[in-house]
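# Remarks on the overall topology
What follows is each chain in one-letter form.
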Amino acid sequence: MTYLKTVNWMFSQLPMYQKQGQTAFKKDLTNTIALATHLKNPQHKFKSIHVAGTNGKGSSSHMLASILQEAGYKVGLYTSPHLKDFRERIKINGKEASKQFVIGFIKRNKAFLEANSLSFFEMTVGMAFDYFAKQKVDIAIIEVGLGGRLDSTNIITPEVSLITNIGLDHVQFLGNTLELIAAEKAGIIKPNIPVVISESQQETQSVFKAIAEKNKSQITFADQTENDVFKTDLKGSYQAKNIKGVLQTIKNLQQKNFKISEAHIKNGLLNSIKNTGLKGRWQVLNKSPKAICDTAHNKEGLTLAIAQLLKEDFKQLHIVFGVVNDKDLKYILPLLPKKAIYYFCKPNVPRGLDQEVLKSKFLAQGFNGAAYTSVKDAYHSALDSAKKEDVIYIGGSTFVVAEVV
């Protein structure tokens, strides 16, 4: 099979949460454990850091990888979803896994994957762990896909766990209160393994403390500790919150004899994009008019992104916006500025919410805009309409951003 045929076969192994939504959520780790056993438990053959959280886990994972790369380590990085190419999910020192490895892994294991009805996400986790073990990485940063406790990545025993924050996202799987969601994310806390929480929240602090205590895990709330101030090349003022968790996680690694200097931290944070190839975080796509895209897609993420957007200097704001169909718009609409001109679009995935439906919901709340048949059409229309002193924002969903970067 060619690379394209291999990846298309993987995508067709339903259920796949990114495309399908709720039908793809599995409530146990049986399949993942079976695959790991079949692969001779690659997850035990490399050191790791496990990263969970509603927002900021992707940025935090990339910053950690970048710092460790600067310190001279061979660093695996597993993240999701991808924006353009499946291989973005599996990298070593910023370089994507080869197409040949992806083809070979599926070819070697296809009979097992089919016989056990493994989902796209389960087989991808197995592939990443197999790759990191075979390539003998010094350490891998493993980002949770969804939740924590029952996520396919949750078969590792990391050096340290990092939970960035808790927000109301994926409530249909994880629970509809911050406390319930925190308990799911806290499922990555392992016995006697330190855990770092980037952001303290009144509703979740006691949940994390109780689960850490039960596991005899040292817990640190990073925003309650004193740290030096570092800058990052990841734009977005919201990154300041993520950096605190990253710095505390690095401190834990230093205590475990990882050789990481202040210069490594400084350079790692300043070169995250160059070292890891991260895209879609407050990324400027066009200079005049200025066009910015951001993958923020829930209440907490969009609150921060829109606050930053309104600090930009513009005459008129244009917003290209699309969402998936299980997104609860009642939490999102109040965050968005009504003075902007909107370009409604449907991301090109089965879960994408129809642009006309999106438009009617917005217009009913006093917003102003038109619907477009594709993300690209919406973006190009915004570029055509905007004057050079205007600003364009593209977002609402990772899948919208994937079509413009």
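Data block above holds the structure.
Not measured: the values here are computed from a predicted model.

In this section: the environment of Ala 378. Along the chain, Ala 378 turns up in helix H16 (residues 375-385). Judged by relative accessible area, Ala 378 falls into the buried class, the value being 0%. Along the chain, Ala 378 and Asn 55 lie 323 residues apart, while their C-alpha atoms are 26 Å from each other. Apart from residues lying up to four places away in sequence, Ala 378 is in contact with Val 320, Tyr 343, Cys 345 and Tyr 372.

All right, on to the packing of aromatic side chains then. For the structure shown, the criterion picks out 17 aromatic pairs. Here the aromatic rings of Trp 282 and Tyr 393 are separated by 6.2 Å at their centres, their planes lie at 45°, and the arrangement is tilted. Placement of Trp 282 in the loop between helix H12 (272-276) and strand E9 (283-286) and of Tyr 393 in strand E14 (residues 391-395) is noted, with a sequence separation of 111 residues between them. Here Trp 282 falls in the buried class, since its relative accessible area comes to 4%. Exposure remark for Tyr 393: the relative accessible area of 0% places this residue in the buried category. Feature note: the residues Phe 46, Phe 101, Phe 105, Phe 129, Tyr 131 and Phe 132 constitute an aromatic cluster, connected by ring pairs.

Moving on: the pattern of salt bridges. Side chains bearing opposite charge may pair, as long as their charged atoms lie close to each other. Considering all chains together, one arrives at 10 salt bridges under this definition. Note that Glu 389 is salt-bridged to Lys 315, the shortest N-O span being 4.0 Å. Here Lys 315 lies in the loop between helix H13 (299-309) and strand E11 (317-321) and Glu 389 lies in the loop between H16 and E14, a separation of 74 residues in the sequence. Look at Glu 389 and you get partly exposed, because its relative accessible area is 36%.

A few words on the pairing of strand E6 (residues 160-163). Side chains of E6 alternate between two faces, with Val 160 and Leu 162 and Ser 161 and Ile 163 buried alike. Sheet topology note: the strand E1 (residues 47-52)/E6 ladder contains 4 bridges and is parallel. By the bridge assignment, Val 51 is partnered in E6 with Leu 162. Across 3 bridges, the pairing between E6 and strand E7 (residues 195-197) is parallel. Within the sheet, the bridge partner assigned to Leu 162 lies in E7 and is Val 196.

Now for unusual backbone geometry. In this model, Ser 80 is joined to Pro 81 through a cis peptide bond whose omega is -10°. As for its position among the elements, Pro 81 is in the loop between strand E2 (75-78) and strand E3 (90-92). Its identity is not glycine, yet Lys 40 carries a phi of approximately 65°, on the positive side. The phi angle at Ser 117 is positive, at roughly 50°, despite the residue not being glycine. If you trace the backbone, Ser 117 turns up in the loop between helix H5 (99-115) and helix H6 (120-134).

Attention shifts here to helix H8 (residues 178-185). Listed in full, the buried residues belonging to H8 are Leu 178, Ile 181, Ala 182, Glu 184 and Lys 185. Down the axis of H8, the buried side of the element spans an arc of 160°, and every buried residue falls inside it.

Further remarks concern the nonpolar core. Core analysis: the biggest nonpolar cluster contains 37 residues, and Met 10, Phe 86, Met 127 and Phe 132 have the highest contact counts within it. Only helix H1 (3-12), helix H3 (30-38), E3, H5, H6 and strand E5 (139-143) provide two or more residues apiece to this core. With 10 residues, the single largest contributor to this core is H6. Excluding its chain neighbours within four sequence positions, the residues that come into contact with Phe 86 are Tyr 3, Val 7, Met 10, Phe 11, Val 102, Phe 120, Thr 124 and Met 127. Counting residues in hydrophobic clusters, the runner-up holds 29 residues, among them Val 51, Val 75, Leu 162 and Ile 243.

Relative to the helices and strands, Ser 60 is located in helix H4 (residues 57-70). Only 2.7 Å separates the side chain of Ser 60 from the backbone oxygen of Gly 56, close enough to count as a polar contact. Leave out the neighbours within four places in its chain, and Ser 60 touches Val 51, Leu 162, Thr 164, Asn 242 and Val 246.

With that out of the way, let us pick up the sheet that holds E7. Spatially, the 8 strands line up as an open sheet ordered E4-E3-E2-E5-E1-E6-E7-E8, and their pairing is mixed. Each end of this open sheet is capped by a strand with a single partner; those strands are strand E4 (95-96) and strand E8 (219-221). H4 rests against E1, E2, E5 and E6 of the sheet, and its axis sits at about 170° to E5. Against the sheet, H6 makes contact with E2, E3, E4 and E5, and its axis sits at roughly 15° relative to E3, the strand it touches most.

What counts, and at which threshold
- Residues numbered from 1 in each chain as written.
- Predicted model: local features only at pLDDT ≥ 70, side-chain atom pairs only at ≥ 80, totals over all residues.
- Heavy atoms only, no water.
- Helix = DSSP H or I, 4+ residues; strand = E, 2+ residues; numbered from the N terminus.
- Buried < 20%, exposed > 50% of the residue type's maximum accessible area, 1.4 Å probe, protein only.
- Contact = heavy atoms within 4.5 Å.
- Phe/Tyr/Trp six-rings, centres within 6.5 Å; stacked < 30°, edge-to-face > 60°.
- Salt bridge = Lys/Arg side-chain N within 4 Å of Asp/Glu carboxyl O.
- Pairing = 2+ DSSP bridges.
- Arc of directions from axis to C-beta.
- Core = buried A, V, L, I, M, F, W, Y, C linked by side-chain atoms within 4.5 Å.
- Polar contact = N/O pair within 3.5 Å; in protein donor to acceptor, adjacent residues only side chain to side chain.
- Axes fitted to C-alpha atoms, helices over the stretch in contact; angles between N-to-C directions.

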